[in-house]
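Examination of the molecular architecture
So the chains spell out like this:
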Amino acid sequence: MRLSHIAIAVKPEEYEDVIKRFKDVLQSEYYEKVLEDQKIKVAILKLENATLEIITPTESGSTIDKFLEKRGNGIHHFALKVESVKDEVNRLKGNGFMFAVEDMKGAKGGNVAFIHPKSTGGFLIELVEDEY
């Protein structure tokens, strides 16, 4: 298991400015994906040892929109690379962890799951099989 990426959520009106700032800080180019089913767009900045996702809602009602209303811009989640999301979900459930999402296709297209923040002291953790 290792760190895959960190995702930060930003308000739509600040999205382009935040991307520019992170491009300058990280000296990295980015590419963008729109996930219509999740009502978000994601700017993906690759680093040598991890990836940064800058996510913003494309319309109201998305989970990111709700996050921003409640908390404002900030770290939304961090993701861990695992061999098998299904196996890790089963292992962690056996240890009493709850999941917000157990089986979903991520931005890369592979299986992902999200450990519920109630199980981790308030932090949303994503498990991913595939990386950028």
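As shown above, the structure is provided for reference.
Values in this document were obtained by computation on a predicted structure and should not be read as measured data.

Each value, and the rule that gives it
Residues numbered from 1 in each chain as written. Predicted model: local features only at pLDDT ≥ 70, side-chain atom pairs only at ≥ 80, totals over all residues. Heavy atoms only, no water. Core = buried A, V, L, I, M, F, W, Y, C linked by side-chain atoms within 4.5 Å. Buried < 20%, exposed > 50% of the residue type's maximum accessible area, 1.4 Å probe, protein only. Helix = DSSP H or I, 4+ residues; strand = E, 2+ residues; numbered from the N terminus. Contact = heavy atoms within 4.5 Å. Pairing = 2+ DSSP bridges. Axes fitted to C-alpha atoms, helices over the stretch in contact; angles between N-to-C directions. Patch = residues over 30% accessible without salt bridge, like charges linked within 9 Å, V, L, I, M, F, W, Y side chains within 5 Å. Areas by Shrake-Rupley, 256 points an atom, 1.4 Å probe, with all protein chains shown as cover. Salt bridge = Lys/Arg side-chain N within 4 Å of Asp/Glu carboxyl O.

1. Considering the nonpolar core
Note that soluble globular proteins tend to have their nonpolar side chains buried in a common cluster. Counting 11 residues, the largest nonpolar core consists of A7, A9, L35, I40, V42, I44, I55, I64, F67, L68 and A107. Elements with a minimum of two residues in this core: β1 (2-9), β3 (40-46) and α2 (63-71). The contact partners of I40, leaving out residues within four places of it in the chain, are K33, V34, L35, T56, P57, T58, S62 and I64. Ranked by size, the runner-up nonpolar core spans 10 residues in total, among them V82, L92, A113 and I125.

2. Section: the pairing of strand β5 (residues 74-81)
Bridge count between β1 and β5: seven bridges; the pairing is antiparallel. Paired with A7 across the bridge in β5 is H77. Bridge analysis of β5 against strand β8 (residues 125-128) gives four bridges, and the strand direction is parallel. Its bridge partner being in β8, K81 is matched across the sheet by V128.

3. A look at the sheet that holds strand β6 (residues 99-105)
The strand order across the open sheet formed by eight strands is β2-β3-β4-β1-β5-β8-β7-β6, and the pairing between neighbours is mixed. Here the strands that pair on one side only, and so sit at the sheet edges, are β2 (30-35) and β6. Geometrically, the sheet is characterised by an average inter-axis angle of 25 degrees between neighbouring strands, direction not taken into account. Two elements, β2 and β3, share six bridges in a ladder whose sense is antiparallel. Across the sheet, E32 pairs through a bridge with A43, a residue of β3. α2 contacts β1, β3, β4 (51-57) and β5 of the sheet and is inclined by roughly 85 degrees relative to β4.

4. Focus on unusual backbone geometry
Even without glycine at this site, Q27 takes up a positive phi of about 50 degrees. Residue class for Q27 comes out exposed when judged on its relative accessible area of 75%. One non-glycine residue with positive phi stands out, namely K39, at about 60 degrees. With respect to the element layout, K39 can be found in the loop between β2 and β3. By relative accessible area, K39 is classed as partly exposed at 28%.

5. Considerations on a nonpolar patch on the surface
A cluster of nonpolar side chains, namely L3, I6, I75, F78 and F123, defines an oily patch on the protein surface of about 450 Å² accessible area. For the nonpolar patch, the elements supplying multiple residues, two or more each, are β1 and β5. Mapped onto the elements, F78 comes out in strand β5. Since its relative accessible area comes to 30%, F78 is described here as partly exposed.

6. Some thoughts on the pattern of salt bridges
The final tally for this structure, using the stated rule, is five salt bridges. Between D24 and K20 there is a salt bridge whose closest N-O contact spans 3.1 Å. Residue D24 and its partner K20 are located together in helix α1 (residues 15-26), separated by four residues, close to a single helical turn. Judged by its relative accessible area of 48%, K20 is partly exposed. The partner of K23 in a salt bridge is E29, with the nearest N and O atoms 3.8 Å apart.

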